Amino acid sequence: MRRQIPLALVFIFGVFMIFQYFVPHESSEWIYEFLLDWIYIIGIFALALGIWSLIRVSVAKIKTRKSGWGYPVITMAGLFLMILFGFTGYRDGSWGFHFMTAEGLSNPMFRNFFDYIMIPIQSTMFALLAFFIASAAYRAFRARNVLASLLLVAALVVMLRFNPYLGPFGTIIADTASWLLNVPNLAAKRAIIIGIGLGMVGTALKIILGIERGYMGKG
Amino acid sequence: MKCKSLVILLFVCGFFALAAAEEGSGPPDSTHVDSIPPPTPVSMLTARDSENDHGHSVTLMWELSTDDGAGQNSVLSYEIFRWVPFFMDTLQSIRDSLAGAEGTIAEQLRKRRDQAIAMIPGAHKSYPEQGGWRKIGTALSGQSSYEDVGVKDRGSPDYMADHTDYYYLVDAVTADPAIRAPSEIVGPVQSFGQFFNTGRIPVFVAVLVFGLLTILFVTRARRGAELYVRPLAGIEAVDDAIGRATEMGKPILYVLGLGSAADIGTIASFTILGRVAKRVAEYQTKLIVPCYDPIVMTVAQETVKAAFLDAGRPDDYYEDIVYFVTQSQFAYVAAVNGTMLRELPATNMYMGVFFAESLILAETGALAGSIQIAGTDQVAQLPFFIVACDYTLIGEELYAASAYLGREPILLGSLKAQDYAKAAVIILAALGLLAASLNWTAFINLFSVTS
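Definitions and cut-offs
Residue indices begin from 1 for each chain and proceed along its sequence in written order. Here chains are named by letter from A upward and ligands by number from 1 upward, in the order in which they appear as written. Local features are withheld for residues below a pLDDT of 70 in this predicted model, meaning they are given only at 70 or higher, and side-chain atom pairs are given and counted only at 80 or more; totals for whole chains, interfaces and linings count all residues. Per the convention used, a helix needs a DSSP run of H or I reaching at least four residues, while a strand needs a run of E reaching at least two, with both numbered from the N terminus. The size measure is the radius of gyration over C-alpha atoms, and the globule rule it meets is 2.2 Å times the number of residues to the 0.38 power. The burial criterion counts other C-beta atoms lying within 10 Å of a residue's C-beta, which is placed from the backbone; the residue is buried at 20 or more, exposed at 12 or fewer, and partly exposed between these limits. Note on contacts: residues are paired as contacts if their backbone-placed C-beta atoms lie within 7 Å. Buried Ala, Val, Leu, Ile, Met, Phe, Trp, Tyr and Cys residues form a nonpolar core when they are connected through C-beta atoms within 7 Å. In this analysis, the expected span of each helix is defined as 1.5 Å times one less than the number of residues it contains. The reported bend at a residue is simply the angle between two axes, fitted to the 7 residues ending at it and to the 7 residues beginning with it. Strand pairing requires that DSSP identify at least two bridges connecting the strands. When the strands point away from the viewer, a crossover counts as right-handed if the route from the first strand across the helix to the second turns clockwise. Those domain boundaries reflect an automatic or database domain assignment. Classification convention: Asp, Glu, Lys, Arg as charged; Ala, Val, Leu, Ile, Met, Phe, Trp, Tyr, Cys, Pro as nonpolar; all other residues, Gly among them, as polar.

A. The overall build of chain A, seen in detail. Counting secondary structure elements, chain A contains 6 helices and 2 strands. For chain A, the C-alpha radius of gyration of 27 Å lies well beyond 17 Å, the compact-globule estimate for 219 residues. Principal axes of the C-alpha set define a box for chain A whose edges measure 70 × 50 × 45 Å. When burial is assessed residue by residue, chain A has 14% of its 219 residues classed as buried. Once local pairs closer than 6 in sequence are excluded, the contacts in chain A between residues at least 24 apart make up 24%.

B. Structural detail: the nonpolar core. Residues and elements named next belong to chain B. By size, the foremost hydrophobic cluster in this structure holds 96 residues, and its most contacted members are Cys291, Ala300, Ala362 and Ala401. With 10 residues, the single largest contributor to this core is helix α8 (residues 264–283). Residues Tyr78, Tyr168, Leu169 and Ala172 belong to the second largest nonpolar core, which totals 17 residues.

C. The arrangement of helix α7 (residues 233–248) of chain B in detail. Residues and elements named next belong to chain B. With 16 residues, α7 extends 22 Å between its outermost C-alpha atoms, agreeing within 8% with the 22 Å of an ideal straight helix rising 1.5 Å per residue. The sharpest bend along α7 comes to roughly 30 degrees, located at Asp239. Regarding α7, the residues found buried are Gly234, Ile235, Val238, Ala241, Ile242 and Ala245. Positioned one or two residues after α7, Gly249 has a phi angle of 70 degrees, which is positive.

D. Local environment of the pairing of strand β9 (residues 252–257) of chain B. Residues and elements named next belong to chain B. Summarising burial for β9: 6 of the 6 residues are buried, a large majority. The pairing of β9 with strand β10 (residues 287–291) spans 2 bridges and is classified as parallel. By the bridge assignment for β10, Ile252 is matched with Leu287. Tracing the backbone out of β9, into α8 and back to the parallel element β10 gives a crossover that is right-handed. Here β9 runs beside strand β12 (residues 347–353); their pairing, made up of 5 bridges, is parallel. Counted as the bridge partner of Gly257 is Val353 from β12.

E. Inspection of the domain arrangement of chain B at higher detail. When the domains of chain B are assigned, the result is domain 1 (43–189), domain 2 (198–225 + 412–445) and domain 3 (233–407). Here the C-alpha centroids of domain 2 of chain B and domain 3 of chain B sit 33 Å apart.

F. Fine view of the interface of chain A and chain B. Across the contact, 56 residues belong to chain A and 70 residues belong to chain B. Mapped onto the side of chain A that touches chain B, the elements with two or more residues apiece are α1 (4–22), α2 (26–63), α4 (108–140) and α6 (169–208) of chain A. Sorting elements by how many residues they give to the side of chain A that touches chain B places α6 of chain A first, with 16 residues. By residue class, the composition of the side of chain A that touches chain B is 33 nonpolar, 15 polar and 8 charged.

What follows is the structure in structure tokens.
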């Protein structure tokens with residue numbers, strides 16, 4: 001029974017979602033939007049569980065003085081400080097805790113932590129991508145065999161297409177690069193996308209029909 | 001003296017000639033625009049409910065004015081008018097008051113608004129008395145249709161009630177807005193939602209055929225038919241990777257990606273996680289699963305817990321195997337990279353939905369010297385994983401992995417259905433190529449899908 005009820009629910013809602021795609025009527029849309037709202041509601045409760053999980057893992061690391069235990073200290077400090085600043089705001093001439101309204105979002109400390117710590121750190125992480133692309137490209141473009149050599153040549157052509165100093169060769173390289181991107185590259189991409197589409201439908205059908213139960217912890 | 005008079009006369013004539021010339025080269029004033037003759041109106045105006053939608057929309061079509069792009073070529077645009085009862089003004093004033101109201105007053109106004117909205121169909125019956133024409137949009141010259149799309153939200157000023165009589169007319173407008181030609185009035189027309197989107201019939205047929213194929217092959221597999229599935233190097237490497245981690249005494253890091261629990265890629269990843277967790281429990285290796293989404297975390301916890309139970313080692317399971325990190329993309333990447341560099345896992349597995357973080361994760365894993373197996377359905381991220389990981393499951397292989405790992409006949413049956421569907425797609429693509437070359441529009445139109 002513990003397994004059959006979730007499977008029945010998956011079947012009912014799965015079949016509804018398939019038919020919903022073909023039924024544009026307002027009533028069908030209304031049920032669809034209503035179900036989507038549930039995701040937000042479940043998400044809020046799950047977030048509380050998530051934060052509890054983060055606190056438990058971090059506190060355990062701090063308690064046992066595990067290697068790198070300073071990082072969880074910073075994580076916990078950041079978490080609780082942001083919650084504190086987020087609920088502290090200025091209203092009616094005085095500072096106070098506001099749990100039901102959004103004064104905390106304009107708290108200068110909340111904004112400063114977000115604008116001058118969070119955003120620069122995130123940008124730094126994203127900027128790392130440039131260096132990792134270079135190192136990954138170096139590894140990919142080593143001409144170890146015929147296919148890798150082909151990849152190297154194709155990559156060089158695509159990279160050189162914006163070079164303004166190639167004179168008469170510039171047009172030939174640009175045309176070749178466009179052909180590479182629009183013909184073989186696009187063909188391969190579309191083949192993968194068709195495969196993914198069919199795989200998605202296949203997996204969805206397996207889940208709806210109860211053949212695939214891995215998401216319930218049972219294969 | 002005679003000569004002097006002649007010079008003065010010439011000077012005066014020249015002055016008037018110049019003045020006249022300057023007057024002629026000036027910009028045309030509005031009196032010139034007034035001389036535009038009235039254009040011919042649009043003809044054959046029709047109004048009908050928009051097809052394949054949720055309602056609240058009417059489509060107008062007409063034949064262009066003969067002065068649009070031809071004839072006097074004087075039509076610049078078409079203005080579309082809908083007949084609206086005066087009653088709508090009262091409704092609007094209620095809405096305006098509601099915008100600034102709070103508490104019980106707002107509640108009363110909301111009630112009055114809903115009562116007024118319920119009266120819209122009746123109010124439209126008062127046509128042509130007690131109402132007037134309101135401009136609802138403009139179509140440029142050369143355009144012979146217009147979709148009057150209303151809003152389904154009753155609180156919005158653009159709310160358009162279904163099953164209500166509407167009347168329309170279209171004005172052909174010239175450069176002088178005062179010179180225009182109104183069309184004949186069409187109506188009544190009612191908008192309503194449809195129960196089947198006929199524009200999606202090809203998709204419906206495809207889903208039906210694919211569903212039947214899946215059921216057919218699953219039934220065949222249940223009866224014991226032998227089904228061959230080509231080897232997937234990435235999945236075959238999973239057992240070796242877990243064995244390597246056990247020998248080295250190092251953990252296995254499993255990353256579910258940034259997808260939500262509603263993404264098929266993440267669901268496929270749960271299945272693979274279940275299989276991996278079972279092996280991990282059997283080999284008594286350490287597993288680390290940092291999560292980006294709290295719902296994904298709770299599902300993953302259940303999956304790993306059930307896998308440990310299946311392996312006969314429920315006591316080895318503890319909740320912190322799967323833990324939540326953050327829902328901020330790069331903060332999550334920083335945390336996972338930190339774990340990689342501190343814990344130095346023997347194997348990193350990236351299965352699910354990934355975005356810009358894919359290469360940062362995979363390159364850090366490569367630097368840490370871990371064996372890496374990745375699988376994603378995000379086409380843009382595949383090249384990064386292929387370059388940085390030892391094995392990559394490309395697109396659909398991610399979905400096939402669970403069937404391949406389990407080797408259960410009914411799961412393999414669904415893979416066979418996918419193979420047949422792919423064969424059908426290849427045949428149809430070849431036929432489509434032929435049809436496009438030979439201009440078989442009827443065949444091409446069979447596959448056209450509208451939203």
